[in-house]
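# Observations on the three-dimensional arrangement
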Amino acid sequence: MIKYTNTRRFFPLLAAALGFCFPTKFVFAQQTPCLFDSLYPAHRLETAEAGIRTGFQKRILQAADNHASDDSIRIIPVVVHVIHNGGTENISTAQIESQIRILNEDYGKLTGTPGDGDGVDTRVRFCLTKIDPQGRCTDGIVRLKTPLTAHKPVDRATLKQLSFWDNTRYLNVYVVKSITGGVGGYSSFPYAPPDEDGIVVRANLFGNVGTAASSGGRTMTHEVGHWFGLYHTFNGGCGQDTCADGDYVCDTPPVANPNYTCSLNANSCANDSPNLPDQVRNYMDYSPDDCKNKFTQGQKERIVATLDTVRTLIWSPANLASTGCDSAYQAPAICPVAVDFVTLTPTVCTGNQVYFMDRSLNAATAWQWSFPGGTPANSTLQNPTVKYDTVGVYPVTLIAWNANGSDTLTLNNYIEVTEPGVGAPLPFARNFDDGQYPPEGISIINPDGGIAWELDSAAARSVPYSMRINNLINTNYGTRDEIELPFLDLTTAHPDSMVRMTFWWAYARSDANYSDELIVQLSKDCGFNYTQILTKSGSTLVTGPTQTTPFIPDASQWKKATINLNAYRTEHYVKIRLVNVTDGGNNLYIDDLYVGDGGTVTATDELQSGMRSVRFFPNPARDYVQFLIPPGLNTPVHIRAYDTPGKLLRDYGEYASNSSPILNLAGLPPGFLFFTLQFVGLSYTTRVAKLP
Ligand SMILES: [Zn+2]
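Residues numbered from 1 in each chain as written. Predicted model: local features only at pLDDT ≥ 70, side-chain atom pairs only at ≥ 80, totals over all residues. Heavy atoms only, no water.

### Some remarks on the overall build of the chain
Applicable threshold: Here a strand is any run of E in DSSP of at least two residues, a helix any run of H or I of at least four, and the numbering for each starts at the N terminus. Here's how the labels work: a residue is buried when its accessible area is under 20% of the maximum for its type, exposed when over 50%, partly exposed in between, all with a 1.4 Å probe on protein chains only. We call two residues in contact when some of their heavy atoms are within 4.5 Å. Values of accessible area rely on a 1.4 Å probe in the Shrake-Rupley scheme; residue burial ignores everything except the protein chains shown.
Counting its regular elements, the chain contains 9 helices and 38 strands. Each of the 692 residues in the chain was classed as buried or not, and the buried ones make up 54%. Counting contacts in the chain only where the partners sit at least 6 residues apart, residues at least 24 apart contribute 70% of the total. For the chain, the computed accessible surface area is about 28,600 Å², with 53% contributed by carbon and sulfur atoms.

Spelled out as structure tokens, the structure:
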């Protein structure tokens, strides 16, 4: 497992990307409060920066035309999606409401609250939305049960598949149990793609009651700052120009490194005039929650510029009316239940299971599902799992109740069940040398839309092309990028031959302390579940010397990987993918990829693959044990029982491939029995417990 979010890992890389260095006193031991810097390297922010500047220009022109600068209150409707797995991360409504109150205190510098520092009132306020996108009454909270509450930032698009409201009208906030690497939260930046738009915060940092500390709630204040286009006060370190560098705000003094304590005398940069201390009380530093209490006038102007350019609809009077966030809204005494549900796997193969998640609004207390085509066909569970065995397209209906009534939703054609297909015959071979991209039959999977596998002619084992991924400039740590092969029919291998996957690779690190990762995975259930069949990282992946310049291998720096696929040779529909998990290392190359026959099957090969797939039951056993000998073995299997390896108790004789002998245990002593399965002079021993 790669740890990719500690500060030691990503700050030096970010510093290198921005062209300056952090002093060595940089605190390495801290957890990462916020993922902003690793998600948004400088090149991803150019569009946003241009947009926000347009906003500034507009306001300056308005002022010049003697148009009064609009300083009215701007209200942001918020929806909170609580992604929980039934634990304390399923925080109370009171805790969620406390967070909205804290946002208003902090952004409004409300008198008598912890947000009443020496900053400014940004004139922005927040409202837990009262009306959902379909016009239904709501408390603004969606609750949904899934193990994905243990959140990996790589999976952030999945949060949006679970639950997402129109981001031009609502600020989508996700509360989760944990974020990889101890991260507190992260936000999208203005102009990020819609499927990235929103904020993710850890449940126990959300609000200041319930599971959160009484001084808590400022992680959200900070992340909303990013959502409005604010940088960290320490962005760009000391920089050169205190206005045009760093956080692009003139009245926040430059800061060399994040402040993790509330040391009011800290002054890490001396290039500002007058030379002011670090603004450790600023919400956009990393100082403790009970230290932070201010936004500056310059930050307010950036927030307004963002609201005037990219986020214009959300605070408009029309949207406030349609979200119940305007003062005229008359809330009903109670909101009736509003039914809704979702699954992440609406398309499956026969025999697969589908997990349905209730996401009804307003606290449903009872559920009646119907699943035509599924097993079970009905359920009263809140979040049932249903198996589909027959090809077809099926509707799903949920009726949800609470004390105030019921609501019904039918999604027609929601579940599609397909037959596992028949894959392409072997061999499958690609040397990438025809220059086709993506290579024929191969899918390039690039979930974050950033750095991806691409063709490369700077180095190849077979010229002119290889596949390469540039981890050196990939700062989206933990991101998966995949080379996905077409479905293959492994039964088309020659019966006397091994089935093998081979490829050549080359890799170097950029720092001896960390490494990217290469994983090969195989699925035999239509691509729903994968088994890892190869993992290379660190010394097992390296083929060239560590270097901070782009690695370009010479002919001696290529290595060959061979994976034995004999255990899967009866599968008609196998999906294989090569996955790069980036850790900001260096170039990884793949060339001359092959899946097919790989020489004559030796007895050892057969033993390895065949014996691995022998099953037996029951265990423990009393009267008999049955062995399931898989098809495809070329030789009978001789089975003998021993009381310890070495002392023969009974010789059961030979059994053919694809048979299921039932072996009588009567008369054998209780305790452990050792069954030796022997063929071609080689043997494999397994242990069965015999009951008295
Ligand atoms: Zn941040």
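### Some points on the coordination of the zinc ion
Note the following rule: Counted as donors are the N, O and S atoms within 2.8 Å of the metal, or 3.2 Å for Na, K and Ca, while water is not among the atoms, so some sites may look incomplete. Only two sets of limits are used to name each site, 85 to 135 degrees for every angle of a tetrahedral four-donor site, and over 155 degrees for opposite donors with all other angles from 65 to 115 for a square planar four-donor or octahedral six-donor site, with any other site named irregular.
Taken together, the protein donors to the zinc ion comprise C34 (SG), H222 (NE2), H226 (NE2) and H232 (NE2), at separations of 2.0 to 2.1 Å. The coordination sphere of the zinc ion comprises 4 donor atoms, whose angles at the metal cover 99 to 122°; the geometry is tetrahedral. Taken in sequence order, the residues that donate to the zinc ion follow the motif C-x187-H-x3-H-x5-H. Here H222 lies in helix 6 (residues 218-227) and C34 lies in the loop between helix 1 (7-18) and helix 2 (36-39), a separation of 188 residues in the sequence. Like H222, C34 is buried.

### Brief notes about the sheet that holds strand 28 (residues 531-537)
As a reminder, the rule being used: For two strands to be treated as a pair, DSSP must find no fewer than two bridges joining them. With axes taken as lines fitted to C-alpha atoms, and helix axes fitted only over the stretch in contact, angles between N-to-C directions fall between 0 and 180 degrees.
With antiparallel pairing, the 5 strands of this open sheet are ordered in space as 21-24-30-27-28. Taken across any chain shown, the strands that pair with only one partner, and hence form the sheet edges, are strand 21 (443-445) and strand 28. The mean angle between the axes of side-by-side strands here comes to 15°, regardless of whether they run parallel or antiparallel.

### Points about helix 4 (residues 93-108)
Going by this rule: Between the first and last residue of a helix there are one fewer steps than residues, each counted as 1.5 Å, and that sum is the expected span.
Taking 1.5 Å per residue as the helical rise, helix 4 with its 16 residues ought to reach 22 Å, and the 22 Å between its terminal C-alpha atoms agrees with that figure. The set of residues buried in helix 4 consists of Q95, I96, S98, Q99, I100, I102, L103, N104, E105, D106, Y107 and G108. At its buried positions, helix 4 is contacted by strand 1 (74-84), strand 2 (124-128), strand 3 (141-145), helix 6 and helix 7 (297-309).

### Considering the environment of E440
In this structure, E440 sits in the loop between strand 20 (428-430) and strand 21. Sequence separation between E440 and R430 is 10 residues; the distance between their C-alpha atoms is 8.2 Å. For E440, the residues in contact, after removing those within four places along its chain, are F428 and R430.

### Overview of the layout of surface pockets
For the record, the criterion: For cavity detection a 1 Å grid was placed over the protein atoms alone, and a set of points counts as a cavity when a 1.4 Å probe fits there but cannot get out; an open set counts as a pocket when protein lies on both sides within 12 Å along at least five of seven lines, with lining residues being those that have an atom within 4 Å of a point. Grid points are joined across faces, edges and corners, and a volume is the space filled by probe spheres set on the points. Note on residue classes: Ala, Val, Leu, Ile, Met, Phe, Trp, Tyr, Cys and Pro are nonpolar, Asp, Glu, Lys and Arg are charged, and everything else, Gly too, is polar.
Estimates place the volume of the largest pocket at around 1,700 Å³. Around the largest pocket sit 50 residues that line it, and D155, T158, R480, E482 and R577 are the ones nearest its centre. Looking at the lining of the largest pocket, the elements that each hand over two or more residues are helix 5 (156-162), strand 10 (347-349), strand 11 (352-355), strand 24 (480-484), strand 27 (517-523) and strand 30 (575-581). Split by residue class, the lining of the largest pocket holds 23 nonpolar, 13 polar and 14 charged.

### Describing the state of the cysteines
This is how it is decided: The disulfide criterion is simple: two cysteine sulfur atoms within 2.5 Å.
In the structure shown here, the tally under the stated rule is 6 disulfides. Disulfide partner of C243: C250, at an S-S distance of 2.2 Å. Looking down the S-S bond of the C243 and C250 bridge, the torsion is 135°, so its handedness is right-handed. Judged by relative accessible area, which is 31%, C243 ranks as partly exposed. Each disulfide pairs two cysteine sulfurs, and for C262 the partner residue is C291, the sulfurs being separated by 2.0 Å. Here C262 and C291 share a disulfide; its torsion about the S-S bond, 75°, makes the bridge right-handed. Of the two residues, C262 sits in the loop between helix 6 and helix 7 while C291 sits in the loop between helix 6 and helix 7, which places them 29 residues apart along the sequence. With a relative accessible area of 32%, C262 lands in the partly exposed category. When its relative accessible area of 0% is taken as the criterion, C291 is described as buried. Counting only the cysteines that take part in disulfides, in the order they occur along the chain, gives the pairing 1-9, 2-10, 3-7, 4-5, 6-8, 11-12.

### Let's talk about the sheet that holds strand 18 (residues 405-418)
Strand pairs in the sheet, formed through backbone hydrogen bonds, run parallel or antiparallel to each other. Read across the open sheet, the 5 strands follow the order 10-18-17-13-15; overall the sheet is mixed. Every interior strand has two partners, whereas the edge strands, strand 10 and strand 15 (378-379), have only one.

### Overview of the packing of aromatic side chains
Put simply, the rule is: Working definition: a ring pair exists when centres of Phe, Tyr or Trp rings (six-membered ring for Trp) sit within 6.5 Å. Plane angles under 30 degrees give stacked, over 60 give edge-to-face, the rest tilted. Whether a charge lies above a ring is judged from NZ of Lys or CZ of Arg, which has to be within 6 Å of the ring centre and within 35 degrees of the ring normal.
Across all of its chains, the model carries 22 aromatic pairs by this definition. Summarising the aromatic geometry, the rings of W165 and Y170 are spaced 5.1 Å apart at their centres and angled 75° between planes, so their arrangement reads as edge-to-face. Neither W165 nor Y170 differs from the other in exposure class; each is buried. For the ring pair W369 and F371, a centre distance of 5.5 Å and an interplane angle of 15° mean the geometry is stacked. Judged by relative accessible area, W369 falls into the buried class, the value being 0%. The buried category is assigned to F371, whose relative accessible area is 0%. An aromatic cluster is present here, built from Y107, F126, W227, F228, Y283 and F295 joined pairwise through their rings. If you follow R74 out to its NZ or CZ, it ends over the ring of W315, 4.2 Å from the centre.

### Some thoughts on the nonpolar core
Rules: As used in this record, nonpolar core signifies buried Ala, Val, Leu, Ile, Met, Phe, Trp, Tyr and Cys residues forming a set joined through side-chain atoms within 4.5 Å. Domains are outlined according to an automatic or database domain assignment.
Residues F341, F356, W369, Y388, V396 and I415 are the most contacted members of the largest nonpolar core, which totals 46 residues. Of all elements in the fold, only helix 2, helix 5, strand 5 (171-176), strand 9 (341-342), strand 13 (366-370), strand 16 (385-388), strand 17 (392-402) and strand 18 reach the threshold of two or more residues within this core. Lining this core are residues from two domains, each supplying at least three of them: domain 1 (32-57 + 71-229 + 296-322) and domain 2 (341-418).

### Brief notes about the pattern of salt bridges
Note on pairing: side chains with opposite charge can pair once their charged atoms come close. As a reminder, the rule being used: Counted as salt bridges are all cases of a side-chain nitrogen of Lys or Arg within 4 Å of a carboxyl oxygen of Asp or Glu.
Under the counting rule described, the total for this entry stands at 23 salt bridges. Between K294 and D118 there is a salt bridge, and its shortest N-O distance comes to 3.1 Å. Within this pair, whereas K294 is found in the loop between helix 6 and helix 7, its partner D118 is found in the loop between helix 4 and strand 2, the two being separated by 176 residues in sequence. The exposure class assigned to D118 is exposed, which follows from its relative accessible area of 61%. Across the salt bridge formed by R359 and D340, the nearest N and O atoms sit 2.9 Å from each other. Remark: D340 occurs in the loop between helix 8 (317-322) and strand 9 and R359 occurs in the loop between strand 12 (357-358) and strand 13; sequence separation between them is 19 residues. Summarising the burial analysis for this pair, R359 and D340 share the class buried.

### A few points about unusual backbone geometry
Residues L426 and P427 are joined by a peptide bond in cis, for which omega reads 0°. As for its placement among the helices and strands, P427 is situated in the loop between strand 19 (424-425) and strand 20. Note the cis peptide between Y437 and P438, where omega equals -5°. Summarising the element assignment, P438 is placed in the loop between strand 20 and strand 21. Unlike most non-glycine residues, A363 shows phi in positive territory, near 55°. Along the polypeptide, A363 turns up in the loop between strand 12 and strand 13. Although it is not a glycine, F432 sits at a positive phi angle of roughly 65°. By secondary structure assignment, the location of F432 is in the loop between strand 20 and strand 21.

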